[in-house]
Amino acid sequence: LVSSGALDMVERTHNKMRKLFDESELEERRRRRNVAQLPALFDRLRGLFRSHNRRAMPLKDVLPHLMSMRRDKSIQLAEIEEQLKLIVDEAPEWCTVQTDTRNNKILSTNLNANPNVVRRKLSLLSQDLESPKP
């Protein structure tokens, strides 16, 4: 015979484990979605800089443009910020974020970087996440 207290403890532990799994699963899905969006975001960023004939822009100006250019209106500002951070982390040869003297964050692009190579690199990231792990 098992006491009801022991059963309650097992159930609470099971619920905690399920919650942890669900949160980590949600986080992984969010990351996959963000990585899958990187090539499209790269194209929009590149177009934005080219249309303004600029090599650098303040992040506070870039983000509203990216929000207005998104096709999937369910994507929130936080997701675009996360995707932009991923691009900066994964393609530092193409873009960097620097801080100016007034503490504004500036997104700068490197005109010497090959955009085809950068886009391919970002595309491969999403393919790597989709392929099953051995």
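Asks: Would you mind going over the sheet that holds strand β1 (residues 56–58) with me for this structure?
Replies: Pairing between sheet strands relies on hydrogen bonds along the backbone, with the strands arranged either parallel or antiparallel. Pairing within the open sheet is antiparallel, and its three strands lie in the order β1-β3-β2. What marks the edges here is a single partner per strand, and that holds for β1 and β2 (95–99). Mean inter-strand twist for the sheet, computed between neighbouring axes without regard to direction, equals 25 degrees. In the sheet, β1 pairs with strand β3 (residues 105–109) via three bridges, with the strands oriented antiparallel.

Asks: What is the right way to read the layout of surface pockets from this model?
Replies: Any empty space left between the atoms is revealed when a probe the size of a water molecule rolls over them. By volume, the largest pocket is sized at about 190 Å³. The wall of the largest pocket is formed by L59, L63, E81, L84, K85, V88, V97 and K105. When residues of the lining of the largest pocket are assigned to their parent elements, the largest contribution, four residues, is made by helix α4 (residues 77–90). The residue makeup of the lining of the largest pocket, split by class, is five nonpolar, no polar and three charged.

Asks: What is the right way to read the pairing of β3 from this model?
Replies: On any regular strand, side chains alternate: one points to one face of the sheet, the next to the other face. Judged by how many residues are buried, β3 sits mostly within the fold: four of five residues are covered. Of the pairings in the sheet, the one linking β2 to β3 comprises five bridges and is antiparallel in character. Each residue of the ladder has a partner; that of C95, found in β3, is T109. Taking the residues that link successive antiparallel strands as the turn, the β2-β3 hairpin has five residues, and the phi of N103 there is positive, at about 70 degrees.

Asks: How do you make sense of the side chain of T109 when you look at a structure like this?
Replies: Along the polypeptide, T109 turns up in strand β3. Apart from residues no more than four positions distant in its own chain, T109 is found in contact with F49, R55, W94 and C95.

Asks: Please clarify how α4 should be interpreted in this entry.
Replies: Here α4 is 14 residues long and its end C-alpha atoms lie 20 Å apart, about the 20 Å a rise of 1.5 Å per residue gives. Three or more residues of α4 are buried, namely E79, I80, Q83, L84, L86, I87 and V88.

Asks: What's the story with the packing of aromatic side chains in this structure? I'm lost.
Replies: A ring pair, where both rings are aromatic, is described by two values, the distance of the centres and the angle of the planes. In total, this model carries one aromatic pair according to the counting rule given. Ring geometry for F42 versus W94: centroids 4.6 Å apart, planes at 65 degrees, classification edge-to-face. Here the residue F42 occupies a position in helix α2 (residues 38–51), and W94 occupies one in the loop between α4 and β2, the gap between them amounting to 52 residues. Across this residue pair, the class does not change: F42 and W94 are buried.

Asks: Which parts of the structure should I look at to understand unusual backbone geometry?
Replies: Glycine aside, the phi torsion of most residues is negative, and most peptide linkages are trans. In this structure, N53 takes a positive phi of about 50 degrees despite not being glycine. Secondary-structure assignment places N53 in the loop between α2 and β1. Note on N53: relative accessible area 71%, which makes it exposed. Phi at N103 takes a positive value of approximately 70 degrees, unusual for a residue other than glycine. Position of N103 relative to the elements: it lies in the loop between β2 and β3. By relative accessible area, which is 64% here, N103 ends up exposed.

The rules behind each value
- Residue positions are counted from 1 within each chain, in the order its sequence is given.
- With pLDDT at 70 or above as the cut-off, local features in this predicted model cover only qualifying residues; side-chain atom pairs require 80 or more to be listed or tallied, and sums for whole chains, interfaces and linings still use all residues.
- In computing side-chain properties, one takes all heavy atoms of the structure into account and sets aside hydrogens as well as water.
- For two strands to be treated as a pair, DSSP must find no fewer than two bridges joining them.
- Secondary structure elements are taken from DSSP: a helix is a run of H or I of four residues or more, a strand is a run of E of two residues or more, and numbering for both begins at the N terminus.
- Every axis corresponds to a line fitted to the C-alpha atoms, with the helix fit spanning only the stretch in contact, and the corresponding angles, defined between N-to-C directions, vary from 0 to 180 degrees.
- Cavities and pockets were defined on a 1 Å grid built from protein atoms only: a cavity is a group of points that admits a 1.4 Å probe but offers it no way out, a pocket is an open group of points flanked by protein on both sides within 12 Å along at least five of seven lines, and a lining residue is one with an atom within 4 Å of any such point.
- Grid points are joined across faces, edges and corners, and a volume is the space filled by probe spheres set on the points.
- The nonpolar class holds Ala, Val, Leu, Ile, Met, Phe, Trp, Tyr, Cys and Pro. Asp, Glu, Lys and Arg form the charged class, and all remaining residues, Gly among them, are polar.
- The classification of residues rests on relative accessible area computed with a 1.4 Å probe and restricted to protein chains. Under 20% of the type maximum is buried, over 50% is exposed, and intermediate values are partly exposed.
- In what follows, residue pairs with any heavy atoms lying within 4.5 Å of each other are defined as contacts.
- Residue count minus one, scaled by 1.5 Å, sets the expected span of a helix.
- A pair of aromatic rings is counted whenever rings of Phe, Tyr or Trp (Trp by its six-membered ring) have centres within 6.5 Å, and the orientation is called stacked for planes under 30 degrees apart, edge-to-face for over 60 and tilted otherwise.

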